[in-house]
Amino acid sequence: MPRPILTFLSDFGLSDWFVGVVHGVLHSDAPGIHVVDLAHSVPPGNIARGAFMLEAAAPDFPAGTIHLAVVDPGVGTDRRALAVSARGQLFVGPDNGLLEWALCAPDARVHELTEQRHFRAPVSRTFHGRDVFAPVAAALANGTTIESFGARIQDPVRLPQHDPERRGDTLIGRVVFIDRFGNALTNLTAEAIRAAFIAADDDASFEVTVLDRTIRGLARSYGDAPVGTLLAILGSSGRLEVAQVGGAASDRLGLGEGDAVTVRRRG
């Protein structure tokens, strides 16, 4: 039987040896494992950014995928280490909110990693990605059950939730991520927009306001208008984005994470 896919997300960057060393542990402990690097460009210690990237990526992987996520500013402290079964997949990482997408699932089962026989010895106080999380992820890929790593817990650390807010005829969200193209991704999902405006069945019937700019209608592609045009579009992650044709909307508007974005029906 082929091994499951194992993804790897971190804030390690690519200028040091850290990512390569974790790969070495994974391949040593689970020979033949198929490792997919999601990203290693999470800003150092930015747990919320890492959690968003994991949430955006994980749904595109098949059932049985193992997600190794390491954004761990609390490494070496008394913060717990976790393995989570949720949404038909498995997640391994620190107990700091990084695994929020798994933790918020109705079927989430959360286990603290306490069985040290599964770790590398000795365990470094500064590199649990190599010595704790990678060996556990590899063991899961080898078929070890999640219950083998420690007791189930009910109180994992959760990230603050910032759900869209409905005020009268307006749906209010916020920018949660700026991608490398300068597109501003929001927490306004296609489902939330359609649910809030059930009678609005035409993309042209919406208007989106961010800072002092109002964009009329939802575009169907990034190239839907002339270069320099600001667009609102439902992107591949299923979220509303503010973009600029041939440019970076974030630079043009000065957009950043946390900025408010509103949606309403035109007229």
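Heads up: the structure comes first, above all this text.
Residues numbered from 1 in each chain as written. Predicted model: local features only at pLDDT ≥ 70, side-chain atom pairs only at ≥ 80, totals over all residues. Heavy atoms only, no water.

1. Looking at the layout of surface pockets
Move 1: Approximately 1300 Å³ is the volume found for the largest pocket.
Move 2: Along its surface, the largest pocket is lined by 45 residues, and Phe52, Glu55, Ala56, Val176 and Arg239 are the ones closest to its centre.
Move 3: For the lining of the largest pocket, the secondary structure elements donating two or more residues are β2 (34-39), α2 (47-57), α3 (100-103), β8 (170-178), β9 (184-189), α5 (190-196) and β13 (239-244).
Move 4: The leading source of residues in the lining of the largest pocket is α2, at eight residues.
Move 5: Residues of the lining of the largest pocket, tallied by class, amount to 23 nonpolar, ten polar and twelve charged.
Move 6: By volume, the second largest pocket amounts to about 250 Å³.
Move 7: Taken together, 15 residues make up the lining of the second largest pocket; nearest its centre are Leu113, Gln116, Phe119, His128 and Val132.
Move 8: Residue composition of the lining of the second largest pocket, grouped by class: five nonpolar, five polar and five charged. (1 Å grid on protein atoms, 1.4 Å probe; cavity = no way out; pocket = protein on both sides within 12 Å on 5 of 7 lines; lining within 4 Å. Points joined across faces, edges and corners; volume = space filled by probe spheres on them. Helix = DSSP H or I, 4+ residues; strand = E, 2+ residues; numbered from the N terminus. Nonpolar A, V, L, I, M, F, W, Y, C, P; charged D, E, K, R; others polar.)

2. Some words on the nonpolar core
Move 1: Of all hydrophobic cores here, the largest spans 31 residues; its most connected members are Leu26, Leu68 and Leu113.
Move 2: Top element by residues in this core is helix α4 (residues 128-141). It accounts for nine residues.
Move 3: Membership of the second largest hydrophobic core comes to 28 residues, among which are Val71, Val110, Ile153 and Leu159. (Core = buried A, V, L, I, M, F, W, Y, C linked by side-chain atoms within 4.5 Å. Buried < 20%, exposed > 50% of the residue type's maximum accessible area, 1.4 Å probe, protein only.)

3. As for unusual backbone geometry
Most peptide bonds take the trans configuration, and most residues that are not glycine carry a negative phi.
Move 1: The peptide bond linking Ala121 to Pro122 adopts the cis configuration, its omega dihedral lying at -5°.
Move 2: Looking at where Pro122 falls in the secondary structure, it is placed in the loop between β6 (109-112) and α4.
Move 3: Residue Arg87 is not a glycine yet carries a positive backbone phi of 55°.
Move 4: Within the secondary structure layout, Arg87 lies in the loop between β4 (81-86) and β5 (89-94).

4. Some words on the pattern of salt bridges
Side chains that differ in charge, positive against negative, can pair when their charged atoms come close.
Move 1: Inspection of the entire model under this criterion finds twelve salt bridges.
Move 2: Between Arg79 and Asp72 there is a salt bridge, and its shortest N-O distance comes to 2.6 Å.
Move 3: The exposure class of Asp72 is buried, given its relative accessible area of 10%.
Move 4: Taking the shortest distance from any N to any O, the salt bridge between Arg167 and Glu165 comes out at 2.8 Å.
Move 5: Beyond isolated ion pairs, a larger network of salt bridges with shared partners links Arg80, Asp95 and Asp155. (Salt bridge = Lys/Arg side-chain N within 4 Å of Asp/Glu carboxyl O.)

5. Considering the side chain of Asp95
Move 1: Relative to the helices and strands, Asp95 is located in the loop between β5 and α3.
Move 2: Of note is the side chain of Asp95, whose polar atom sits 2.8 Å from the backbone nitrogen of Val157.
Move 3: For Asp95, the residues in contact, after removing those within four places along its chain, are Arg79, Arg80, Leu82, Pro156 and Val157. (Polar contact = N/O pair within 3.5 Å; in protein donor to acceptor, adjacent residues only side chain to side chain. Contact = heavy atoms within 4.5 Å.)

6. Structural notes on the packing of aromatic side chains
Move 1: With the rule as written, the count across this model stands at eight aromatic pairs.
Move 2: Seen from their ring centres, Phe12 and Phe127 are 5.8 Å apart, and the 85° between their planes marks the pair as edge-to-face. With Phe12 in the loop between β1 (5-10) and α1 (18-29) and Phe127 in the loop between β6 and α4, this pair connects stretches of sequence that are 115 residues apart. The same class applies to Phe12 as to Phe127, namely buried.
Move 3: Aromatic pair Trp17 and Phe18: ring centres 4.9 Å apart, planes at 55°, arrangement tilted.
Move 4: Judged by relative accessible area, Trp17 falls into the exposed class, the value being 56%.
Move 5: Members of the aromatic cluster, joined through ring pairs, are Phe8, Phe12, Trp17, Phe18 and Phe127. (Phe/Tyr/Trp six-rings, centres within 6.5 Å; stacked < 30°, edge-to-face > 60°.)

7. Some thoughts on the pairing of β5
Move 1: In terms of burial, β5 is largely enclosed, as six of its six residues are buried.
Move 2: Across three bridges, the pairing between strand β3 (residues 66-70) and β5 is parallel. Pairing of His67 across the sheet is with Phe91, part of β5.
Move 3: Bridge count between β4 and β5: six bridges; the pairing is antiparallel. Counterpart to Leu82 in the pairing with β5 is Gly93.
Move 4: Hairpin geometry of β4 and β5 is characterised by an intervening segment of two residues between the two adjacent antiparallel strands and by a positive phi of about 55° at Arg87. (Pairing = 2+ DSSP bridges.)

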